[in-house]
Amino acid sequence: MVCLKSLNPPLKPDKVKVWKRDLRESSLQPFGRWITSFDWSDIFTTNACEDNYGKFNDIMSDMIDILLPLKRTKVTKCDKPWLTSSIKELIIKRQKALHYYGKNSDSYKLWRNQVQQSIKSARFKYYAQSVEKLKTSNPSRRWKEIKSLGGISSKSCWYNQRLSNDIPNCHDLAEVFNCFLSGLTSHFTPLTREEEQLDFNVP
């Protein structure tokens, strides 16, 4: 028996590094405790609205950076837009449970169910927010977002949507389009040579 080794190893998904805030539950809870217990009376020491807003903004920005810091993380380009870091952590736990205890174990089933529920919730939230944004976007942006939600690349040419078994290529599509335009004036009476030489005043 001869084993052949593949000359081309499978391509790994491209990963990029991006800056994201730590929005895990373990980070949000301290932020929630702080914002609900903080004494905001100091920002109202003046009657100037802009000064009060400046103080509020400075305090919030500082505490967000402390409790919800920006972290540089690796993101796979093929990741779904609703795939958050929290879901990835659940997936890791699910895979560990599968590795150590097997697919029939209660531990694996627990994490598997949590992954499925989290993905379902995140996907629903993502689409709901995307549709809500479409209501206030301009028509061009709206069309791009709709195609994106439908899995249609915004870079694909419009004529690809018109090709079919009867019209397999661009040449046939052009002929169909030309025949359509010609048909619009097919009932017109052609001008004679004398009429072609006359100047017609268009009202």
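Small disclaimer: the values here were computed from a predicted structure and weren't measured.

(A) Representation of helix α3 (residues 85-101). The first and last C-alpha atoms of α3 sit 24 Å apart over 17 residues, in line with the 24 Å expected at 1.5 Å per residue. Taken together, the buried positions of α3 are occupied by I87, L90 and A97. For α3, the arc enclosing every buried residue in end-on projection is 80 degrees, short of the 170-degree limit, so these residues lie on one face. Turned more than 90 degrees away from the buried face of α3, the exposed residues are K96, H99 and Y100. Directly after α3, the chain includes G102, whose backbone phi takes a positive value near 95 degrees.

(B) Local environment of the side chain of S105. Counting through the fold element by element, S105 comes out in the loop between α3 and α4 (106-134). Classification of S105 as buried rests on a relative accessible area of 12%. Engagement of the side chain of S105 in a polar contact is seen with the backbone oxygen of G102, the distance being 2.8 Å.

(C) Region of the structure containing the packing of helix α1 (residues 25-37) against helix α2 (residues 49-67). Between α1 and α2, whose axes approach to 10 Å, the crossing angle comes to 150 degrees. Classified by the angle their axes make, α1 and α2 are roughly antiparallel. Of the two elements, α1 crosses α2, and the hand of that crossing is right-handed. Here S27, P30, F31, W34 and I35 of α1 lie close against α2, whose contacting residues are I59, M60, M63, I64 and L67. Here the contact of α1 with α2 is composed, by residue class, of nine nonpolar, one polar and no charged.

(D) Seen up close, α2. Helix length check: α2, at 19 residues, gives a terminal C-alpha distance of 27 Å against a target of 27 Å (1.5 Å per residue), a fit within 8%. Looking at α2, one finds that the buried residues are N52, M60 and M63. With its buried residues spanning 70 degrees around the axis, α2 presents them on a single face.

(E) Region of the structure containing the packing of aromatic side chains. All chains considered together, the criterion is met by six aromatic pairs. When the centroid spacing of 5.8 Å and the interplanar angle of 40 degrees are considered together, the rings of F31 and W34 count as tilted. Of this pair, F31 and W34 both sit in helix α1, three residues apart, which is roughly one turn of that helix. When its relative accessible area of 14% is taken as the criterion, F31 is described as buried. Ring centres of W40 and F56 lie 5.3 Å apart, and the angle between their planes is 45 degrees; this geometry places the pair in the tilted category. Taken together, the residues span a long stretch of sequence, with W40 in the loop between α1 and α2 and F56 in helix α2 at a distance of 16 residues. Every member of this aromatic cluster is reached through a ring pair, and the members are F31, W34, F38, W40 and F56.

(F) Here's a closer look at the side chain of N52. Examined against the element boundaries, N52 turns out to sit in helix α2. For N52, a relative accessible area of 13% gives the class buried. Not counting the four nearest positions on each side in its chain, N52 is found in contact with I43, F44, T45 and T46.

(G) Broad picture of the confidence of the model for the protein. Considering every residue of the protein, the mean pLDDT works out to 76; 69% of them sit at 70 or more. Confidence, read as mean pLDDT per element, is least for helix α5 (residues 139-149) in the protein (60) and greatest for α3 (90).

(H) The environment of R112, seen in detail. Tracing the backbone shows R112 in helix α4. For R112 and I91, which are 21 residues apart along the polypeptide, the C-alpha to C-alpha distance reads 7.7 Å. In this structure the side chain of R112 is engaged in a polar contact, spanning 3.3 Å, whose partner is the side chain of N113.

Conventions used here
Residues numbered from 1 in each chain as written. Predicted model: local features only at pLDDT ≥ 70, side-chain atom pairs only at ≥ 80, totals over all residues. Heavy atoms only, no water. Helix = DSSP H or I, 4+ residues; strand = E, 2+ residues; numbered from the N terminus. Expected span 1.5 Å × (residues − 1). Buried < 20%, exposed > 50% of the residue type's maximum accessible area, 1.4 Å probe, protein only. Arc of directions from axis to C-beta. Polar contact = N/O pair within 3.5 Å; in protein donor to acceptor, adjacent residues only side chain to side chain. Axes fitted to C-alpha atoms, helices over the stretch in contact; angles between N-to-C directions. Parallel < 35°, antiparallel > 145°, perpendicular 65-115°, else oblique. Left-handed = near helix turned anticlockwise from the far one by under 90°. Contact = heavy atoms within 4.5 Å. Nonpolar A, V, L, I, M, F, W, Y, C, P; charged D, E, K, R; others polar. Phe/Tyr/Trp six-rings, centres within 6.5 Å; stacked < 30°, edge-to-face > 60°. pLDDT = per-residue confidence, 0-100.

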